[in-house]
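Working through the structure, step by step
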Amino acid sequence: MRKPVIAGNWKMNKTKLESIKLVTELRNLIPRTTGVDIIIAPPFTALTYVFEAISGSSVTLAAQNCHWEDSGAYTGEVSPPMLKDLGCSYVILGHSERRQYFGETDSTVNKKLKSVLRSDLIPIMCVGESLEERRQEKTFSVVEGQMKKGLAGLTSADFSEIIIAYEPIWAIGTGETATPAQAQEVHQLIRKILGELFGKNKAVQTRIQYGGSVKPENIDELMAQEDIDGALVGGASLEARTFAKIINFKPGD
Ligand code: 13P
């Protein structure tokens, strides 16, 4: 029903030549057509080279961030129309590292999301709680707040597609994955909120990725959960064989 979507977020890694090498290795390891949408999010500096290297393959391109204006006096920023121009189809928004280190808030995520949609790009909006928040049993309220504020002012008529990525901060880059059951209960909550905001149809259609120490060893079990429709992979997407194994996960029954 929902096509699985596996994305590799390279974060601030890979030079031009390293990017071309990685993506060329990857495309040789994955079938030309798969039942999975495959997305790579290299740093801005490698977007053009990766776009050329994926041409004719089933891999598509994402950016890791953007500004909310189309152009103007915003030194150092990159806008959605510029990303579209380079061949991007998706933009990751509100990653916890951007919230933590670069002062992003639900309100800036909201502005970026609307701007991304205006440029006909698909946003991948990240939400997720910290370890402290989980310990205090605030996971549901934190995720609900991020969802409602990040998506504020949108109606179901405003977009054909958005992707949500649930990334518990305590599971990012730590080797500690949320158990499939822990992830599923938050994904279920996210789908319920999508239903409240945009109606049942949109909620059923929307793909929700899990992110946080996804690896070949845990992808099958995660993907077997009812509301987990894909993965947003960090570290394990930096090595072609490992990422290909994740893309080639074994679907459950
Ligand atoms: P890791 O897979 O390295 O834990 O990173 C997850 C992530 O932040 C993807 O956006």
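Above this text is the structure in question.
Note that the structure is a prediction, hence the values are computed from the model and not measured. (Residues numbered from 1 in each chain as written. Predicted model: local features only at pLDDT ≥ 70, side-chain atom pairs only at ≥ 80, totals over all residues. Heavy atoms only, no water.)

Structural notes on the sheet that holds strand S6 (residues 163-166)
Counted only if it meets this: A pair of strands is labelled paired if DSSP reports no fewer than 2 bridges between them. Secondary structure elements are taken from DSSP: a helix is a run of H or I of four residues or more, a strand is a run of E of two residues or more, and numbering for both begins at the N terminus. Angles here are taken between N-to-C directions and fall from 0 to 180 degrees, while the axes themselves are lines fitted to C-alpha atoms, restricted in helices to the stretch in contact. In this description, contact between two residues means that some pair of their heavy atoms is separated by no more than 4.5 Å.
Pairing is parallel around the closed barrel formed by 8 strands, whose spatial order is S1-S2-S3-S4-S5-S6-S7-S8. Between one strand and the next, the sheet's axes are offset by a mean angle of 25°, whatever the strand orientation. The pairing of strand S7 (residues 207-211) with strand S8 (residues 230-233) spans 3 bridges and is classified as parallel. From the neighbouring strand, Gly 211 faces S8, where its bridge partner is Leu 232. Its contacts with the sheet put helix H8 (residues 180-198) on strand S5 (122-127), S6 and S7, and the angle it makes with S7 is roughly 150°.

Some remarks on the packing of helix H7 (residues 139-150) against H8
The geometry of a pair of packed helices is captured by two quantities: the angle between their axes and the separation between those axes. In plain terms, the rule: Crossings are sorted by hand: turned counterclockwise from the far helix by less than a right angle, the near helix makes the crossing left-handed, and turned clockwise it makes it right-handed. Three categories are distinguished: nonpolar for Ala, Val, Leu, Ile, Met, Phe, Trp, Tyr, Cys and Pro, charged for Asp, Glu, Lys and Arg, and polar for the others, with Gly belonging to the last.
The geometry of H7 relative to H8 is characterised by a closest axis approach of 10 Å and an angle of 40° between their N-to-C directions. The two elements H7 and H8 cross, and the hand of that crossing is right-handed. Together, Thr 139, Phe 140, Val 143, Glu 144, Met 147 and Lys 148 of H7 and Glu 185, Val 186, Leu 189, Ile 190, Ile 193, Leu 194 and Glu 196 of H8 make up the contact between the two elements. Residue composition of the contact of H7 with H8, grouped by class: 8 nonpolar, 1 polar and 4 charged.

With respect to the packing of helix H1 (residues 16-29) against helix H11 (residues 240-247)
The following threshold applies: To sort the angles, those under 35 degrees are grouped as roughly parallel, those over 145 as roughly antiparallel, those from 65 to 115 as roughly perpendicular, and the leftovers as oblique.
With their axes 9 Å apart at the nearest point, H1 and H11 run at an angle of 40° to one another. Looking at the two axes, H1 sits oblique to H11. The interaxial crossing formed by H1 with H11 has right-handed handedness. Residue-level contacts link Leu 22, Glu 25, Leu 26 and Leu 29 of H1 to Ala 240, Arg 241, Phe 243, Ala 244 and Ile 247 of H11. Its residues assigned to classes, the contact of H1 with H11 comprises 7 nonpolar, no polar and 2 charged.

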